[in-house]
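Coordinates in review
For reference, the chains in residue letters:
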Amino acid sequence: MRAPTALRFTVVGAVALAIALMPFVLSDYNRSQGARVAVFFIAILGLNIVTGYTGQISIGHGAFMALGGYTTAILTHSHGWSTLPTLPVAAAVGFGAGIVVGLPALRFHGVYLALTTFAVALAVPQLATNYSHFTGGVEGLPLPSHTGIWLYGLGWSVAAVMFVLSWLLLRGRTGRAFRAVRDSEVAAASSGVSLAVHKTLAFGVSAAIAAVAGSVYVLVNAFVNPDIFGLTLSLYILIGAVVGGLGSLWGVLVGACFVQLLPIGISNSHTVSAQSVPVIFGAMVILVMALLPRGAAEALFWATELPKRIRRVHSSSTPQRLEAQ
Amino acid sequence: MRMRATAAIVPLLLAGCGVFLLVGSLESALFAQLTVSGLANGGIYASLAVALVLIYRATQVINFAQGALATFATYVAWQFIAWNMTYWLAFSLTLGCAFVGGIVVERVAIRPAGRRGSVLSIVIASIGVLILVEGSIPLIWGTDVRFFPSAFPARTIHVGGVAFQLQDLGTIGVSIAAVVLLWILFRFTKLGLAMRAAAFRPEAARLVGVRVGWMLSIGWGLASALGAVAGMMAAPSPSVLLQPSMMDGILIYAFAAAVLGGLESPAGAVVGGLAIGALLNLLGSYVGWVTPQLLLPAAFLLMLTVLLVKPSGLFGRTSVRRV
Amino acid sequence: MAPLLALHDVEARYGPVRALHGVSLTVGEGEVVAILGANGAGKTTTLRAVSGMVRRSGRIELAGRLLNGEGPEDVARLGVAHVPEGRGTFSELTVWENLRLGAITRRGSLDEDMRRVLSFFPWLGHRRSQQAGTLSGGEQQMLALARAMMQRPRLLMVDEPSLGLAPLVVAEIFRILRDLNEHEGTAVLLVEQNARNSLSVAHRAYVLETGRVAFSGPSEELMRHEAIRRSYLGY
């Protein structure tokens with residue numbers, strides 16, 4: 001599934017350039033939309049590490065986003081921190097939470113793990129509502145507001161940093177270990193790859209990234225309350241990850257655009273009422289799964305593989321004939 | 001649907017639970033009332049949980065759309081009643097519509113994703129169905145919250161000197177009846193046998209002539225009908241009411257119940273649902289610091305505790321991992 | 001008389017890998033035909049091609065009717081009972097339920113069929129409610145054959161019935177196959193690595209090598225053939 005390196009770097013460079021230049025042609029509102037895409041980009045990146053690369057299904061990344069978001073909110077609101085230093089703290093909190101979730105997750109597999117993470121994702125907003133003295137409860141906490149371009153810049157800078165860090169992690173030994181765990185736990189273990197260490201580490205890293213996404217998310221909203229981290233968020237992150245293509249860093253951008261821009265795009269095109277947005281979006285999700293069940297990355301794969309396949313078919317391909325005795 | 005309690009701990013746990021509820025009910029009228037109304041909630045969770053298990057057993061897919069489909073069916077029932085049909089006629093017709101609806105959803109939205117995709121692709125497709133169906137409700141019926149009539153008159157029944165709501169008893173009865181009917185179908189009919197065979201070993205089932213594809217569709221139809229029962233039992237409650245997001249919270253409890261009981265076991269789903277319903281109701285009333293927001297985390301804590309002891313749920317099979 | 005089953009130049013593939021490179025064979029009414037060959041020769045694939053479980057090209061005719069990409073469900077309903085490698089018994093279901101599944105596509109009473117099956121396998125009557133997965137390997141194989149009988153097939157296709165079974169059990173199974181053929185007139189297409197057992201029960205046999213028919217003929221002839229004796233019979 002690897003396109004030639006030079007091509008890949010060119011494409012990445014082109015996309016990065018496009019993203020960097022985009023805000024200059026966008027309105028302020030659209031810039032904050034772009035920042036939202038960055039939020040999903042980071043969150044889906046995080047999910048991809050634990051689900052796509054290590055094979056542990058998590059439907060609960062909304063919870064880690066909530067942790068990061070509330071960390072940033074509480075630190076800036078109640079403790080007077082300035083914005084940027086809260087991000088590493090959020091990442092650390094997320095990492096810790098990821099390890100905590102990852103440990104009992106060693107015992108569960110497949111769907112039980114998925115539903116457990118789902119439970120965590122749903123429980124966290126409830127807990128946030130309950131312990132309102134800390135978290136501002138249902139009314140939530142306000143955050144300093146920023147201009148669209150500041151948010152866009154922050155979002156995509158963080159996204160770029162996370163992307164590069166993930167890429168470095170995944171191409172190294174740890175990344176190979178992750179993929180080994182995903183493909184066959186037994187084979188990995190018998191090759192000396194510690195399942196416990198790598199599965200928990202994957203959760204930790206993944207959660208840290210999601211937490212940072214949460215921090216940017218609350219900054220974009222200029223506001224935090226339990227509702228913004230509901231069921232919908234976790235589901236959308238999962239949809240974005242699968243539509244983009246699990247186990248591929250390339251599809252992450254596609255996935256993020258799909259879940260953030262498509263609904264907005266539908267409601268902006270004044271041909272349909274705002275009410276029909278969910279119907280159309282839902283139909284699109286179904287359609288994408290019918291046509292590209294393995295996500296955009298699959299389409300990218302075919303786009304690069306097809307020329308090779310065509311070349312192979314046209315070259316001489318007479319099958320070997322074995323003579324019978 | 002044979003019970004598979006491989007550890008002695010499971011029957012012990014259940015017996016302990018049952019004894020707790022029984023003794024408490026005999027001791028205190030309030031306890032008994034809370035237990036019964038909790039069991040009514042539990043019946044609803046159980047119905048939806050069995051629907052989830054039905055589909056999971058056959059396809060390894062968690063149907064996220066189960067709640068939304070149930071809500072849609074309940075709206076359809078409301079519409080029939082608004083057209084002056086009697087309750088039970090509307091109820092029966094709705095079950096039929098839900099059955100057909102389930103088949104349609106499977107063939108149109110789910111089957112295509114399954115053809116070349118993984119289980120996760122199908123799950124995402126089901127999330128797509130969730131979004132679509134829940135989104136279509138306001139388009140057809142508007143956003144007003146509506147009132148859905150109960151099947152049972154608002155009377156109290158006195159058992160052993162304690163007053164119970166007829167509605168609660170009726171809900172428990174209907175939920176259990178629905179699940180039992182399904183059990184009879186699976187255990188004693190040709191169709192049920194063919195469906196079980198298709199769920200356990202689809203390739204081998206094809207070799208004896210079973211149309212596995214249709215069995216799957218019918219499974220989705222039955223699950224959808226069961227969800228409709230849950231929806232129609234849940235809607236009358238003042239804390240639920242007929243609105244598009246009606247089954248969202250109930251679906252979550254149903255997930256917890258299904259997982260707790262063991263995702264492959266309908267019996268487990270029933271036990272899990274009833275247990276969660278009853279225990280949470282008691283917890284909410286007797287333990288002061290448990291606010292309504294903490295009920296959901298409490299349910300999950302219960303689920304997690306069970307999973308830590310028995311990773312595949314109460315009645316789940318500890319599957320042999322193939323090397 | 002047209003053969004019950006006829007394959008003309010059938011090719012089959014698993015993805016990009018071609019497993020059958022043009023196999024032609026026939027099975028007549030009431031015949032027992034064996035397919036022999038080493039591992040990977042394409043024996044199982046041939047049965048799967050008939051059942052429509054694998055992508056194939058070429059002509060397959062069943063009782064004169066051309067099969068056109070029918071899937072396993074349809075082929076089964078046309079009177080073919082396929083007992084696959086690994087038996088295909090439903091371990092989670094009881095013995096009785098397994099048998100019932102054999103007749104699942106038919107209406108009406110099963111008493112007559114059950115009686116026939118029990119006359120071949122009387123011990124099944126005592127084990128009706130036993131879970132099929134708890135039977136021994138040999139018993140499961142016999143249950144699989146019993147279930148196939150319930151299908152009232154015109155053609156019985158059996159894949160490696162002796163795999164993993166003790167010699168005495170294997171002998172019993174082959175005896176049952178011969179009985180089935182002689183008393184019920186069922187045609188049998190048998191895939192086996194154990195050449196000696198197969199040739200003793202089959203009328204004719206085909207030997208496959210890397211997806212092609214290398215030899216074919218009546219059993220007695222093949223048993224005497226020099227190369228076959230050396231490669232497959234060991235003497």
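These numbers come from a predicted model, not from an experiment.

For the rest of this paragraph, the subject is the overall build of chain B. The helix and strand tally for chain B stands at twelve helices and two strands. In chain B, the order of α-helices and β-strands from amino to carboxyl end is α-α-α-α-α-β-β-α-α-α-α-α-α-α. Scaling as 2.2 N^0.38, a compact globule of 323 residues should have a C-alpha radius of gyration of about 20 Å, and chain B matches this with 20 Å. Dimensions of chain B, computed from the C-alpha atoms along their principal axes, are close to 60 × 55 × 35 Å. Buried positions account for 54% of the 323 residues belonging to chain B. A separation of at least 24 residues holds for 72% of the contacts in chain B among residues at least 6 apart in sequence.

Here we take up the sheet that holds strand β4 (residues 55-62) of chain C. All names here are of chain C. Taken in spatial order, the four strands make up an open sheet running β2-β1-β4-β5, and their pairing is antiparallel. Edge positions in the open sheet fall to β2 (17-27) and β5 (65-66), since each of these has one partner strand only. Pairing of strand β1 (residues 5-14) with β4, which is carried by seven bridges, proceeds in the antiparallel orientation. Paired with A6 across the bridge in β4 is E61. The strands touched by helix α1 (residues 43-51) within the sheet are β1, β2 and β4, with β2 carrying the most contacts at an inclination of about 75 degrees.

What follows deals with the packing of helix α11 (residues 231-244) of chain A against helix α5 (residues 119-141) of chain B. One way to put it is that α11 of chain A packs onto α5 of chain B with a least axis distance of 10 Å and a crossing angle of 130 degrees. Regarding the angle of α11 of chain A to α5 of chain B, the classification is oblique. Crossing angle aside, the handedness with which α11 of chain A passes α5 of chain B is left-handed. The segment α11 of chain A lies against α5 of chain B, with L235, I239 and V242 of chain A engaging L120, S121, I124 and I127 of chain B.

Quick look at the interface of chain B and chain C now. Interfaces are frequently sized by the accessible area removed from exposure as the parts join. Each side of the interface is counted separately: chain B has 14 residues, and chain C has 19 residues. Every element with two or more residues in the side of chain B that touches chain C is listed here: α7 (190-200) and α8 (202-207) of chain B. The greatest single-element share of the side of chain B that touches chain C, amounting to six residues, is contributed by α7 of chain B. Residues of the side of chain B that touches chain C, tallied by class, amount to eight nonpolar, one polar and five charged.

Residue and element names in this part refer to chain B. Counted at 1.5 Å a residue, the expected span for helix α3 (residues 66-82) with its 17 residues is 24 Å, and the 24 Å between its end C-alpha atoms agrees. The buried fraction of α3 is high, at 13 of 17 residues. Phi turns positive one or two residues past the end of α3, at N84, with a value near 70 degrees.

Before going further, it helps to examine helix α10 (residues 195-221) of chain A. Residue and element names in this part refer to chain A. Spanning 27 residues, α10 covers 38 Å between terminal C-alpha atoms, matching the ideal 39 Å at 1.5 Å per step. Where burial is concerned, most of α10 is hidden: 24 out of the 27 residues are buried. With its phi angle positive at about 60 degrees, A222 sits one or two positions after the end of α10.

So, on to the confidence of the model for chain A. All names here are of chain A. Looking at chain A as a whole, the pLDDT averages 84, with 92% of positions reaching at least 70. For chain A, the element scoring lowest by mean pLDDT is helix α14 (residues 296-314), at 70; helix α13 (residues 277-291) scores highest, at 92. Across residues 316-325, where pLDDT falls below 50, the model places six contacts with residues more than four positions away in sequence or in other chains.

The interface of chain B with chain A comprises 38 residues on the first partner and 32 residues on the second. At 14 residues, α5 of chain B tops the list of elements feeding residues into the side of chain B that touches chain A. Taken together, the residues that form the side of chain B that touches chain A break down as 28 nonpolar, eight polar and two charged.

The next thing to look at is the nonpolar core. Residues I42 and V212 of chain A together with A256 of chain B are the most contacted members of the largest nonpolar core, which totals 294 residues. It is helix α2 (residues 29-59) of chain B that provides the largest number of residues to this core, a total of 17 residues. Contacts of I42 of chain A, omitting those with residues within four sequence positions, involve V158, A159, M162, I209, V212, A213 and V216 of chain A.

Residues and elements named next belong to chain A. With respect to the helices and strands, V138 occurs in the loop between α6 (132-135) and β1 (141-142). Look at V138 and you get partly exposed, because 13 C-beta atoms sit within 10 Å. Separated by 24 residues in the primary sequence, V138 and M162 place their C-alpha atoms 31 Å from one another. Here V138 is in contact with T129, S132, N225 and P226, once residues within four sequence places are set aside.

What follows deals with the sheet that holds strand β9 (residues 204-209) of chain C. All names here are of chain C. Pairing is mixed in the open sheet, where six strands are placed in the order β6-β7-β8-β3-β9-β10. Edge positions in the sheet fall to β6 (80-83) and β10 (212-218), since each of these pairs with one other strand and no more. Strand-to-strand, the axes of this sheet are offset by a mean angle of 15 degrees, without reference to chain direction. In the sheet, β6 pairs with strand β7 (residues 155-159) via four bridges, with the strands oriented parallel. From the neighbouring strand, V83 faces β7, where its bridge partner is V158.

Definitions and cut-offs
- The residue count restarts for each chain, going from 1 along the sequence in the order it is written.
- Chains and ligands are labelled sequentially in the order written, the chains with letters from A and the ligands with numbers from 1.
- Local features in this predicted model are restricted to residues whose pLDDT is 70 or higher, and side-chain atom pairs enter the listing and the counts only when it is 80 or higher, whereas totals over whole chains, interfaces and linings include all residues.
- Helix and strand assignments come from DSSP, with helices taken as H or I runs of at least 4 residues and strands as E runs of at least 2, each series counted from the N terminus.
- Here the globule rule is a power law, 2.2 Å times the number of residues to the power 0.38, and the radius of gyration is based on C-alpha atoms.
- As a rule, residues whose C-beta atom has 12 or fewer other C-beta atoms within 10 Å are exposed, those with 20 or more are buried, and those in between are partly exposed; C-beta atoms are placed from the backbone.
- Our contact criterion uses C-beta atoms placed from the backbone: two residues qualify when those atoms are within 7 Å.
- At least two DSSP bridges between two strands are required for those strands to pair.
- Interaxial angles span 0 to 180 degrees and are taken between N-to-C directions of axes, which are lines fitted to C-alpha atoms, for helices over the stretch in contact.
- Note that the term roughly parallel is reserved for angles under 35 degrees, roughly antiparallel for angles over 145, roughly perpendicular for angles of 65 to 115, and oblique for everything else.
- Here is the rule for handedness: rotate from the far helix to the near one, and if that takes an anticlockwise turn smaller than a right angle the crossing is left-handed, while a clockwise turn gives right-handed.
- Asp, Glu, Lys and Arg are counted as charged, while Ala, Val, Leu, Ile, Met, Phe, Trp, Tyr, Cys and Pro are counted as nonpolar; the rest, among them Gly, fall into the polar class.
- Helices are assigned an expected span. That span is 1.5 Å times one less than the residue count.
- Confidence scores per residue from the predictor, reported as pLDDT, run from 0 to 100.
- Each nonpolar core consists of buried Ala, Val, Leu, Ile, Met, Phe, Trp, Tyr and Cys residues. Their C-beta atoms, within 7 Å, join them into a set.

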